[in-house]
There are 2 protein chains.
Amino acid sequence: MSHAPDTDDEFAYIKWLRSELPPQTPRLELGPGDDAAILRVEQKERLVLKTDSVLEGQHFILKAPGVHLKEVQGPAATPEEVGRKALCRCLSDIAAMGGVPIACMAAVALPRGAGVKLREQIFLGLSKACATYGVSLAGGDTQSWNGPLMLNVSLIGEMQGERPAIRGGAAAGDVIAVTGSLGGSILGHHLRFEPRLTEGRFLVRHGVSAMIDISDGLSGDLARICEESSRRYEVGADIAAEALPVSKAARRLAKLEGQGGERALEHALHDGEDFELLFTAPAFRWQRIVREWPFDTPVRALGVVRERKKGEPAIRLLRKGEAQELALKSYVHKL
Amino acid sequence: MSHAPDTDDEFAYIKWLRSELPPQTPRLELGPGDDAAILRVEQKERLVLKTDSVLEGQHFILKAPGVHLKEVQGPAATPEEVGRKALCRCLSDIAAMGGVPIACMAAVALPRGAGVKLREQIFLGLSKACATYGVSLAGGDTQSWNGPLMLNVSLIGEMQGERPAIRGGAAAGDVIAVTGSLGGSILGHHLRFEPRLTEGRFLVRHGVSAMIDISDGLSGDLARICEESSRRYEVGADIAAEALPVSKAARRLAKLEGQGGERALEHALHDGEDFELLFTAPAFRWQRIVREWPFDTPVRALGVVRERKKGEPAIRLLRKGEAQELALKSYVHKL
């Protein structure tokens, strides 16, 4: 690894970028540096497309000499973690379709005068994450402005013969399941999560009926599956509190807040940025998924999809044999 | 056209977006609203990929009650023009490859509390421009933050059997030519330009050796063609001052600055954001291009590519039979 040139000349910077690219697929005929990039597709294919931005103050707080966060606010992010997170958020969405990522483009807006280290570390974080997940870096755009740090990643992947797992395919009787454990992501997981690419791929091959990655929180994202799947008839979900994989971070966060298990459960139900896969599958397929599951990542059934009758809540939480309506407290983007 | 819902609920906004999409290609199997979009490719293909951001204060100044610009600063932008510009900047790059655009994604960061009108108008400007240029809107990302307005567009196009026109293909003896007229873009052209898509397509079919869209200024972008084309031997460019298509806006801008034709020529040579196509072609191909040129857009030869001997300047400007070195004063991005 070399260091970025300490000059404000864009072309010197691009020259350095080109020397620090991740391993590139030979299908990328033309990478960064021309008007646009050229990527070959060898046959009939379904492409998966995604764009996502991480914004300073919204998705991360930058580590800096004057920045001191309380423990419940979680750690400040290094520029490398920002680069990694921007890519991995997109990868998590590709995973939720069951796709295979190929190449990405990155657009960064740097606070004017932030210095060479910031852009160097963001780029290296992104480039390393690209190498980790086999993603080529096809192009990008680096600019400075009188604004906070913004990093946008757009990603192109492909289905390689599988049918994409959409949100709107859940049917009454399907099992609801989730990978990993949930809640308390703010304590660090939101910067260091693993996008569930191989798991997502396994799941589309095993015929899941609907899939989403948990970015806004289990309750909200489950509600979204139910809403999108309510076509021929309305569907709702029943999930069992006892089955919820409450993460250690959720428990630790509840403790930091001076509270106990009930609060940890709420974190698991509503916290955003878990980036785990939430999916539904017919019972016979679920059995096969569990039997053949080859990953260290846990996978767990939470409940079932049901037909939602008039007046019934979208999601019910079953606790000690009782069903109560689950309020949707998960993250809502305010525009 | 309906108006966007005046609520800060992201889902209500997305529902409205879905009702105001441009005409979508049937190849877009899954558009905005799921984890990612799905686009079908029917055969072996070369895809063209581009990302670009427009940043408030850098690429536009928003029209607002308190904003008064001097005439030389050009007009403030409406939100619709911002949406259009973000798309058209990407389209101009696709044009410079000779590609055909298919679909785009848009990521917007809104100043918090900016109100519903701003996001509505940006989206409508983008959506209308998509309809104009036959681009589907595959997906996006809308967020608010404590920062200025940012709009990123990523675009996917395809070559449909043609070879992409890269920057690095110019050879000694090639004619240098340009579409349209140059300079003074700040007076309004930078918000209302036409991306030269059909012209670019015609030019790749007619075997241009190198092509770029003029975004940083003729002198700088021509230098880039020369640099990228200096592989087996160094190449430079000679252009004739008399041949330069100086735009009316360049003349008007010079006048506003209290100067004359010399200053107008400088604007044509160095101003950014013309978004015209600058290309090179072997002489016999150039003759055919001129003969068969079917567009209202003018096209004009500026000079020739030459082998650059040691100590010679990259670009020489020929005036009244004399060759002088052309200083590269065009727009340089400061990081």
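Below you will find a few notes about this structure. For clarity, every value in this text was computed on a predicted model and none was experimentally measured.

### Details of the side chain of S92 of chain B
Residues and elements named next belong to chain B.
Here is step 1: With respect to the secondary-structure elements, S92 resides in helix α2 (residues 79-97).
Here is step 2: Classification of S92 by relative accessible area gives buried; the value is 1%.
Here is step 3: Not counting residues up to four positions away in its chain, the partners in contact with S92 are F193, P195, D213 and F275.

### Considering the relation of the copies chain A and chain B
Here is step 1: When chain A is fitted to chain B, the residual RMSD is 0.0 Å, and the transformation amounts to a turn of 180° plus an axial shift of 0.0 Å. Such a combination of rotation and displacement between the chain copies is what one expects of a two-fold axis.
Here is step 2: When the interface residues of chain A are mapped onto chain B, 100% of them again fall at the interface, so both copies present the same face.

### Points about empty space enclosed by the protein
Here is step 1: Overall, the coordinates contain one cavity of 30 Å³ or more when judged by the stated rule.
Here is step 2: Space inside the largest cavity adds up to approximately 100 Å³.
Here is step 3: Those elements that provide at least two residues to the lining of the largest cavity are β4 (100-111) and β6 (150-158) of chain A together with β4 (100-111) and β6 (150-158) of chain B.

### Overview of the sheet that holds strand β11 (residues 299-307) of chain A
All names here are of chain A.
Here is step 1: Taken in spatial order, the seven strands make up an open sheet running β8-β10-β7-β11-β9-β12-β13, and their pairing is mixed. Taken across any chain shown, the strands that pair with only one partner, and hence form the sheet edges, are β8 (210-213) and β13 (322-325). Each strand axis lies, on average, 25° off the axis of its neighbour in the sheet, ignoring direction.
Here is step 2: Helix-sheet contacts for helix α9 (residues 283-292) involve β7 (175-179), β10 (277-281) and β11, and the interaxial angle to β10 is about 130°.

### Brief notes about the pattern of salt bridges
Here is step 1: Tallied over the entire structure, the rule returns 58 salt bridges over all chains.
Here is step 2: In this structure, the salt-bridge partner of E312 of chain A is R306 of chain A, at a minimum N-O distance of 3.0 Å.
Here is step 3: Using a relative accessible area of 9% as the deciding quantity, one classes R306 of chain A as buried.
Here is step 4: Here the salt bridges share partners, and the residues they tie into one network are E29, R40 and E42 of chain A together with K44 and R46 of chain B.

### Remarks on unusual backbone geometry
Residue and element names in this part refer to chain A.
Here is step 1: Located in the positive-phi region is Q160, a residue other than glycine, with phi close to 45°.
Here is step 2: Its location among the elements puts Q160 in the loop between β6 and β7.
Here is step 3: The phi torsion at E273 lies on the positive side, around 60°, for a residue other than glycine.
Here is step 4: Classification of E273 by relative accessible area gives buried; the value is 15%.

### Here's the deal with the packing of helix α7 (residues 248-256) of chain A against helix α8 (residues 261-270) of chain A
All names here are of chain A.
Here is step 1: Contact pair α7 / α8: the axes reach a minimum separation of 8 Å and the direction vectors enclose 130°. By the angle between their axes, α7 is oblique relative to α8. Two packed elements cross with a definite hand, and for α7 against α8 that hand is right-handed. Residue-level inspection shows A250, R251, L253 and A254 of α7 in contact with α8, the latter providing R263, A264 and H267.
Here is step 2: Broken down by class, the residue content of the contact of α7 with α8 amounts to four nonpolar, one polar and two charged.

### Some thoughts on the environment of E227 of chain B
Here is step 1: Position of E227 of chain B among the secondary structure elements: in helix α6 (residues 218-229).
Here is step 2: Placed 30 residues apart in sequence, E227 of chain B and L197 of chain B show a C-alpha to C-alpha distance of 25 Å.

### What to know about the side chain of D93 of chain A
Here is step 1: Its place among the elements puts D93 of chain A in helix α2 (residues 79-97).
Here is step 2: When its relative accessible area of 8% is taken as the criterion, D93 of chain A is described as buried.
Here is step 3: Excluding residues within four positions of it along the chain, D93 of chain A makes contact with K50 and D213 of chain A together with D35 of chain B.

### Observations regarding the interface of chain A and chain B
Here is step 1: Taken together, the contacts link 72 residues of chain A with 72 residues of chain B.
Here is step 2: In this assembly, chain A packs against chain B so that about 6100 Å² is buried in total across both faces, 57% of it on carbon and sulfur atoms.
Here is step 3: The interface formed by chain A and chain B holds nine salt bridges in total.
Here is step 4: Across the pair R18 of chain A and E228 of chain B runs a salt bridge whose closest N-O atoms are separated by 3.7 Å.
Here is step 5: Across the chain A-chain B interface, the total number found is 26 residue pairs in polar contact (both at pLDDT 80 or more).
Here is step 6: Top element by residues in the side of chain A that touches chain B is strand β3 (residues 45-55) of chain A. It accounts for 10 residues.

### Quick word on the packing of aromatic side chains
Residues and elements named next belong to chain A.
Here is step 1: With the rule as written, the count across this model stands at 15 aromatic pairs over all chains.
Here is step 2: Centroid distance F193 to F275: 4.0 Å. Interplanar angle 20°. Geometry classified as stacked. With F193 in the loop between α4 (189-192) and α5 (197-205) and F275 in the loop between α8 and β10, this pair connects stretches of sequence that are 82 residues apart. F275 carries the same exposure label as F193, and that label is buried.

### What about the sheet that holds strand β8 (residues 210-213) of chain B?
Residue and element names in this part refer to chain B.
Here is step 1: Read from one edge to the other, the open sheet built from seven strands follows the order β8-β10-β7-β11-β9-β12-β13, with strand pairing classed as mixed. The strands lining the two open edges of the sheet, one partner per strand, are β8 and β13 (322-325). When strand polarity is set aside, the average angle formed by the axes of neighbouring strands in this sheet is 25°.
Here is step 2: The pairing of β8 with strand β10 (residues 277-281) spans four bridges and is classified as antiparallel. Within the sheet, the bridge partner assigned to M211 lies in β10 and is F279.
Here is step 3: Taken strand by strand, helix α9 (residues 283-292) contacts β7 (175-179), β10 and β11 (299-307), and its axis lies near 130° from that of β10.

Reading the values: rules and limits
- Residues numbered from 1 in each chain as written.
- Chains lettered and ligands numbered in written order.
- Predicted model: local features only at pLDDT ≥ 70, side-chain atom pairs only at ≥ 80, totals over all residues.
- Heavy atoms only, no water.
- Helix = DSSP H or I, 4+ residues; strand = E, 2+ residues; numbered from the N terminus.
- Buried < 20%, exposed > 50% of the residue type's maximum accessible area, 1.4 Å probe, protein only.
- Contact = heavy atoms within 4.5 Å.
- Least-squares fit on C-alpha atoms with pLDDT ≥ 70 in both.
- 1 Å grid on protein atoms, 1.4 Å probe; cavity = no way out; pocket = protein on both sides within 12 Å on 5 of 7 lines; lining within 4 Å.
- Points joined across faces, edges and corners; volume = space filled by probe spheres on them.
- Pairing = 2+ DSSP bridges.
- Axes fitted to C-alpha atoms, helices over the stretch in contact; angles between N-to-C directions.
- Salt bridge = Lys/Arg side-chain N within 4 Å of Asp/Glu carboxyl O.
- Parallel < 35°, antiparallel > 145°, perpendicular 65-115°, else oblique.
- Left-handed = near helix turned anticlockwise from the far one by under 90°.
- Nonpolar A, V, L, I, M, F, W, Y, C, P; charged D, E, K, R; others polar.
- Buried area = accessible area lost by both parts, 1.4 Å probe.
- Polar contact = N/O pair within 3.5 Å; in protein donor to acceptor, adjacent residues only side chain to side chain.
- Phe/Tyr/Trp six-rings, centres within 6.5 Å; stacked < 30°, edge-to-face > 60°.

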